[in-house]
Amino acid sequence: MDEYSFVITTDTCCDLPKSYLEENGVDLVTLYYNMNGVAYGNGIEMDVKEFYDKMRGGEMPTTMAANPEELQEMFEKHLKAGKDVLHLAFSSGLSSSYNNAAVVARDLNEESTGHKVIVIDTLAASLGQGLVVHKALELRKQGKSFEETAEWVEANKLHFCHQFTVDDLNHLYRGGRVSKLTAIAGTLIQIKPILHVDDEGKLIPIGKTRGRKKSLQALVDNMERTIGSYRAANDIVFISHGDALDEAQYVADLVKERFGIESFLINYVSPTIGSHSGPGTIALFYLGERR
């Protein structure tokens, strides 16, 4: 946006609504996904509900990291417009997209145009990454400089907490998160895993419950355990879902009841992440003392 000296960019794994990104002038690089031989993203789109319906029908998409050429094109566009670029990348623990962006930024910065690109590994995913973007935008609106905003994100990124649960263990098995035996046995007896994104930016199981409702309640229980002194810092909580809006709203109601938080941003888990987590994923994001 023209009134600022720097732009904030990210990638499609941030899962922020298109309207939010446009309103705040956030540029995106696409992480494509492939289904039935068609690469989707950047103009070739599938309705997200249709995507999850196809997964429910047994179709298994694959995903790709951010393309270095597209990253370079995006960064150069803003540098040539006289802007510094703060790029907030999808976790390096889940994708090579951060590394691709860091290499492109290094090469561009060596050309010394008078402006530069800072790439931060958010160690975050989905609307956890989106919440990092949101906080960076708030700092920019408050008048923080390019360097101040980047320094705050780097210093505070491990306070962005992620609590996930999934409805179908088989998608986690495909992604190497659980064993085949665990997936089969857990599905039979309605075991629902609780996962989080750890300090290395990896999605790891941290618990399990029997039954869907208990798994949703466990997300909020974990929030209570980790939020600590950051209660007042959470003026808004983000929740993403794999085509399970009613359950996302149920989690929002639990958070409101327990913490008094009134403001929420709820959106779909994008196909790139949903390819690995599957339909029915619910994820809760907030600021806390520890992940």
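The paragraphs below set out a description of the structure included in this document. Positions within a chain are numbered from 1, following the residues in the order the chain's sequence is written. Given that the model is predicted, a residue must reach a pLDDT of at least 70 before its local features are reported, and side-chain atom pairs must reach 80 or more before they are shown or counted; all residues, however, enter totals for whole chains, interfaces and linings. To obtain the side-chain values, all non-hydrogen atoms of the structure were used and water was disregarded.

1. Topic: the pattern of salt bridges
Salt bridge criterion: a side-chain nitrogen from Lys or Arg within 4 Å of a carboxyl oxygen from Asp or Glu. Taken as a whole, this structure holds 16 salt bridges when the rule is applied. Taking the shortest distance from any N to any O, the salt bridge between Lys135 and Glu138 comes out at 3.7 Å. Pair noted here: Lys135 and Glu138 are both in helix 5 (residues 126-141), with a separation of three residues, about one helical turn. Remark: exposure states derive from per-residue accessible area (1.4 Å probe, protein chains only) relative to the maximum for the residue type, with buried under 20%, exposed over 50%, and partly exposed in between. When its relative accessible area of 24% is taken as the criterion, Glu138 is described as partly exposed. Measuring nitrogen to oxygen at the nearest pair gives 3.0 Å for the salt bridge that ties Glu224 to Arg258. On the criterion of sequence distance, the pair formed by Glu224 in helix 9 (residues 212-227) and Arg258 in helix 10 (residues 245-259) is long-range, its members being 34 residues apart. Taking relative accessible area as the criterion, Glu224 reaches 35% and is therefore assigned partly exposed. Overall, Arg258 belongs to the partly exposed group, its relative accessible area being 32%. Connected through salt bridges with shared partners, the residues Lys49, Asp53, Arg56 and Asp243 form a single ionic network. The way it works is that DSSP assigns letters per residue, a run of H or I at least four long becomes a helix, a run of E at least two long becomes a strand, and they are numbered from the N terminus.

2. Notes on the packing of aromatic side chains
Centre distance and the angle of the planes are the two values used to describe a pair of aromatic rings. For Phe, Tyr and Trp, rings pair up if their centres lie within 6.5 Å, where Trp contributes its six-membered ring, and each pair is then called stacked (planes under 30 degrees apart), edge-to-face (over 60) or tilted (otherwise). Taken as a whole and judged by the stated rule, the model has six aromatic pairs. For the pair Trp152 and Phe160, a centre-to-centre distance of 6.2 Å together with 85 degrees between the ring planes defines the contact as edge-to-face. Among the residues examined, Trp152 registers a relative accessible area of 29% and is labelled partly exposed. Given a relative accessible area of 1%, Phe160 falls into the buried group. In textbook terms, an aromatic cluster arises when at least three aromatic residues are bridged by ring pairs, as seen for Tyr33, Tyr40, Phe51 and Tyr52. Cation over ring: Arg140 sits above Phe6, and NZ or CZ is 5.8 Å from the ring centre. Geometrically, a charge over a ring is one whose NZ (Lys) or CZ (Arg) sits within 6 Å of the ring centre while staying within 35 degrees of the ring normal.

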